[in-house]
Amino acid sequence: MDEPFEGKSPCRPCASGCIRGFGMMTSRQTLDLLRSYESRNVTFTEADGSWPIVWERARGVYVWDAEGKEYLDLTAAFGVAAAGHANPRVVRAGQTQMARLLHAMGDVHPHALKARLARELSRITFERWREESRVQSPKSKVNGRRAAAGTGKTIFCNSGFEAVEAALKTAMLATGKPGVIAFEGAYHGLGYGALNVTQRAHFRAPFRGQLREFGHFVPFPKVGQAWQKGNRAGARTFLSAARRKDLRAKGAFGAGERTVVAADKNVRAPALVGHSSLDAGELGECSLAEAKAVDAVESQIRRLLLRERIGAILVEPIQVRGGVNIPPPAFLPMLRRLCDEHKALLILDEIYTGFGRTGRWFACEHSGTVPDLICLGKALTGGFPLSACVGRADVMDAAWPPSSGEAIHTSTFLGHPVGCAMALAQIREIGARKLVQRSAELGGFLLSALPSMLSQPSPLCWVSRGVGLLAGVEVRLADGSPATAAVLRIVKALLRRGFILLPEGQYSNVIGFTPPLTISEEQLRAAVIALGAELHRYRVK
Ligand SMILES: Cc1ncc(COP(=O)(O)O)c(C=O)c1O
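Procedures and definitions
- Residues numbered from 1 in each chain as written.
- Predicted model: local features only at pLDDT ≥ 70, side-chain atom pairs only at ≥ 80, totals over all residues.
- Pairing = 2+ DSSP bridges.
- Helix = DSSP H or I, 4+ residues; strand = E, 2+ residues; numbered from the N terminus.
- Axes fitted to C-alpha atoms, helices over the stretch in contact; angles between N-to-C directions.
- Contact = placed C-beta atoms within 7 Å.
- Expected span 1.5 Å × (residues − 1).
- Buried ≥ 20, exposed ≤ 12 C-beta atoms within 10 Å, placed from the backbone.
- Near = placed C-beta within 6 Å.
- Nonpolar A, V, L, I, M, F, W, Y, C, P; charged D, E, K, R; others polar.
- Parallel < 35°, antiparallel > 145°, perpendicular 65-115°, else oblique.
- Left-handed = near helix turned anticlockwise from the far one by under 90°.
- Core = buried A, V, L, I, M, F, W, Y, C linked by C-beta atoms within 7 Å.
- Arc of directions from axis to C-beta.

Participant: Would you mind showing me how to read the sheet that holds strand β2 (residues 62-65) here?
Facilitator: The strands making up a sheet are joined through hydrogen bonds of the backbone, oriented either antiparallel or parallel. Spatial strand order, β1-β2-β3-β13: 4 strands in an open sheet with mixed pairing. At either end of the open sheet lies a strand with only one pairing partner, and these are β1 (55-59) and β13 (499-500). Where strand β3 (residues 70-73) and β13 come together, 2 bridges link them in parallel fashion. Bridge pairing in β13 places Leu-72 opposite Phe-499.

Participant: Hey, could you run me through the sheet that holds strand β4 (residues 152-157) in this one?
Facilitator: Taken together, 7 strands build an open sheet; the order of strands is β4-β10-β9-β8-β7-β5-β6 and the sheet is mixed. Only two strands of the sheet have a single neighbouring strand rather than two, namely β4 and β6 (215-218). Each adjacent strand pair in this sheet contributes to an overall mean axis angle of 20°, direction not counted. Relative to strand β8 (residues 345-349), strand β7 (residues 310-315) runs parallel, the two being bridged by 4 bridges. When the bridges of β8 are listed, Ile-313 appears paired with Leu-346. Each of β4, β5 (179-183), β7, β8, β9 (373-376) and β10 (387-392) is contacted by helix α6 (residues 160-175), which is oriented at about 25° to β10, the strand it contacts most.

Participant: Before we go on, may I ask you to explain α6 in this structure?
Facilitator: For α6, which comprises 16 residues, the first-to-last C-alpha distance of 23 Å matches the rise-based estimate of 22 Å (1.5 Å per residue) to within 8%. Counting buried positions along α6 yields 13 of 16 residues, so the element is predominantly enclosed. Downstream of α6 by a residue or two, Gly-176 has a phi angle that is positive, lying close to 75°.

Participant: Mind showing me how you'd approach the site of the ligand here?
Facilitator: Contacts to the ligand come from 15 residues, most closely from Ser-159, Gly-160, Phe-161, Gly-189 and Ile-351. With 3 residues, α6 is the largest single contributor of residues to the shell around the ligand. Of the residues belonging to the shell around the ligand, the class tally is 7 nonpolar, 5 polar and 3 charged.

Participant: What am I meant to see in unusual backbone geometry here?
Facilitator: For residues other than glycine, phi is negative in most cases, and the peptide bonds are mostly trans. Backbone torsion omega between Trp-51 and Pro-52 reads -5°, so that peptide bond is classified as cis. As for its position among the elements, Pro-52 is in the loop between α1 (27-37) and β1. The phi angle at Lys-378 is positive, at roughly 40°, despite the residue not being glycine. With respect to the helices and strands, the residue Lys-378 is situated in the loop between β9 and β10. One non-glycine residue, Lys-434, lies in positive phi territory at about 50°.

Participant: Got a minute to help me understand the pairing of β3 in this structure?
Facilitator: Remark: a regular strand shows side chains that alternate across the two faces of the sheet. Two elements, β2 and β3, share 3 bridges in a ladder whose sense is antiparallel. Counted as the bridge partner of Val-63 is Tyr-71 from β3. Hairpin geometry of β2 and β3 is characterised by an intervening segment of 4 residues between the two adjacent antiparallel strands and by a positive phi of about 90° at Gly-68.

Participant: Just to check I follow, could you spell out the packing of helix α10 (residues 288-307) against helix α11 (residues 331-342) for this structure?
Facilitator: The packing of two helices is summarised by the inter-axis angle and the distance between the axes. Where α10 meets α11, the axes come as close as 11 Å, and the angle between the chain directions of the two elements is 20°. Relative to α11, α10 is oriented roughly parallel. α11 is crossed by α10, and the crossing has right-handed handedness. Listed contacts from α11 to Val-294, Glu-298, Ile-301, Arg-302 and Leu-305 of α10 are Phe-331, Met-334, Leu-338 and His-342. Residues of the contact of α10 with α11, tallied by class, amount to 6 nonpolar, 1 polar and 2 charged.

Participant: How do you make sense of the nonpolar core when you look at a structure like this?
Facilitator: Side chains that are nonpolar tend, in soluble globular proteins, to be buried together. In terms of nonpolar packing, the biggest core is built from 134 residues, with Ala-163, Ala-167, Ile-313, Leu-345, Ile-347, Cys-389 and Leu-446 touching the most fellow members. The greatest single-element share of this core, amounting to 9 residues, is contributed by helix α13 (residues 417-432). Setting aside residues up to four positions removed in sequence, Ile-313 forms contacts with Ile-181, Leu-335, Leu-338, Cys-339, Ala-344, Leu-346 and Ile-347.

Participant: Would you take a moment to explain helix α3 (residues 88-100) for this structure?
Facilitator: For the α-helix, the turn length of 3.6 residues means that residues three or four positions removed from each other point alike. Given a rise of 1.5 Å per residue, 13 residues ought to cover 18 Å, and the 18 Å separating the end C-alpha atoms of α3 matches this to within 8%. Of the residues making up α3, those classed as buried are Val-90, Ala-93, Gly-94 and Gln-97. Each buried residue of α3 sits inside an arc of 95° when the element is viewed along its axis, so together they form one side. More than 90 degrees from the buried face of α3, the exposed residues found are Thr-96 and Ala-99. Where α3 is buried, its residues contact α13.

Participant: It is not clear to me how the environment of Glu-127 should be interpreted in this structure. Could you clarify?
Facilitator: Among the secondary structure elements, Glu-127 is positioned in helix α4 (residues 112-131). Since 16 C-beta atoms lie within 10 Å of it, Glu-127 is described here as partly exposed. It is 6.2 Å that separates the C-alpha atoms of Glu-127 and Gly-150, two residues lying 23 residues apart in sequence. The contact partners of Glu-127, leaving out residues within four places of it in the chain, are Ser-122 and Thr-151.

Participant: Is there a simple way to think about the packing of helix α14 (residues 435-449) against helix α16 (residues 521-537) in this case?
Facilitator: Axis separation between α14 and α16 bottoms out at 10 Å; the angle between their running directions is 25°. Considering their axes alone, α14 and α16 lie roughly parallel with respect to each other. The element α14 and its partner α16 pack so that their crossing is right-handed. Contacts between α14 and α16 involve Leu-442, Phe-445, Leu-446 and Ala-449 on the former and, on the latter, Glu-521, Leu-524, Arg-525 and Val-528. Per-class residue counts for the contact of α14 with α16 are 6 nonpolar, no polar and 2 charged.

Below, the structure written as structure tokens:
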């Protein structure tokens, strides 16, 4: 390994400006250092250098590596950079705050931005939902009247899993019931509390001996996956005829719109599932298969509610890390109803789906479902580790007693001033640039463009689905088994071509699209064309 950098080689001027005293490193040097000094389970590196790249700087939808190569980021870095990487207004807000007050005292001596952000989070969640006539509040269906959901109150945390754990503690305190119903394929983070309700064995198995196992898992019903059984019954498209015409005029469908792809003639794939501009009305219809799936889950949950002491149902409105799994429209309203009937809290984990990702500020708005608690993170700040558990004020007050001078739940960096400043700027930016609407419109384009990859034969079959600028292309082999190795090869090939994408799902066979909401149609089209080319080029080795 070349002798590096720190304090040794002079600091060369570079476009992004390297940090004084730390010279530039090549990607190789960085990866060699990580191999030596970082826990080896963290950064996966391929010996042939095909994975990963080393990020040096990022701006908007682009990332540059240490060698100056440019990449189009279709991940927004786990959905964080919703308003673009290093959004200038967000960066300025953070820099200004950093120079003024870098750190305050969590639960002891607060700063003003924490109070402002708590108010803003209340405004864009519970207060806005109350105002929107289309959105029904929790009790409205049960009592036939609109309940005054009132304001929201926040517990600030650092990473997403901590927001989930704050919500779990809130539910325990508010209901006195320790059980939590969660879903197969769920990802709520990896802290010990969140791990109890995260379902993938890969993350849980090594620590099972220390888990408290208060989570009870039931199936997560999914739309658009009937193709796995060679059955087209579940195929649906939410695109209106006018929208399809509009998109066709824009060339979104490429050479020829097709709704079916299959290498094996017996495997038929519904191509479009979900649409970026779904609203409660459009979501009204449910296929028979979907209705049955929701009924089956409801029965299982009812049995658990009778048998166990369940204080909360915790769910992602769309499972992103689970493989971009979209539930039928009746799913969240059903959970809301059951929670109301059994005095349990509905906790929505919108850490991935929040802040416009699905074409609404929050994904629960597609089905008009108001939670008791909502967990937020990732895009909240655009890049600073700050997360939040926001709850209905009455629920929060029922759960948490006034502080006696020693908070029951806190942390050193709670409500970090820089994170709060960035979050306020990020929320303002998402609103001012109408990024939520943009996500809806471009999501429609993306979901229409993806099936244009379908025209040539391939040993692979795939189906695309999504809502707003959240989409997934699930890839399988002709025999229906998950194409895990193929997807890894394709994602690496795309990286070589300058496109950053990630595999998602239990079998890592779903290629996820969560780009910055500032991306353009042209950039999306380029990514889809590149993905189509790699899918077609793929040959079994
Ligand atoms: C839905 C959801 N919840 C929670 C988390 C955990 O967030 P963090 O990694 O910031 O702890 C994630 C992370 O991907 C997530 O997707």
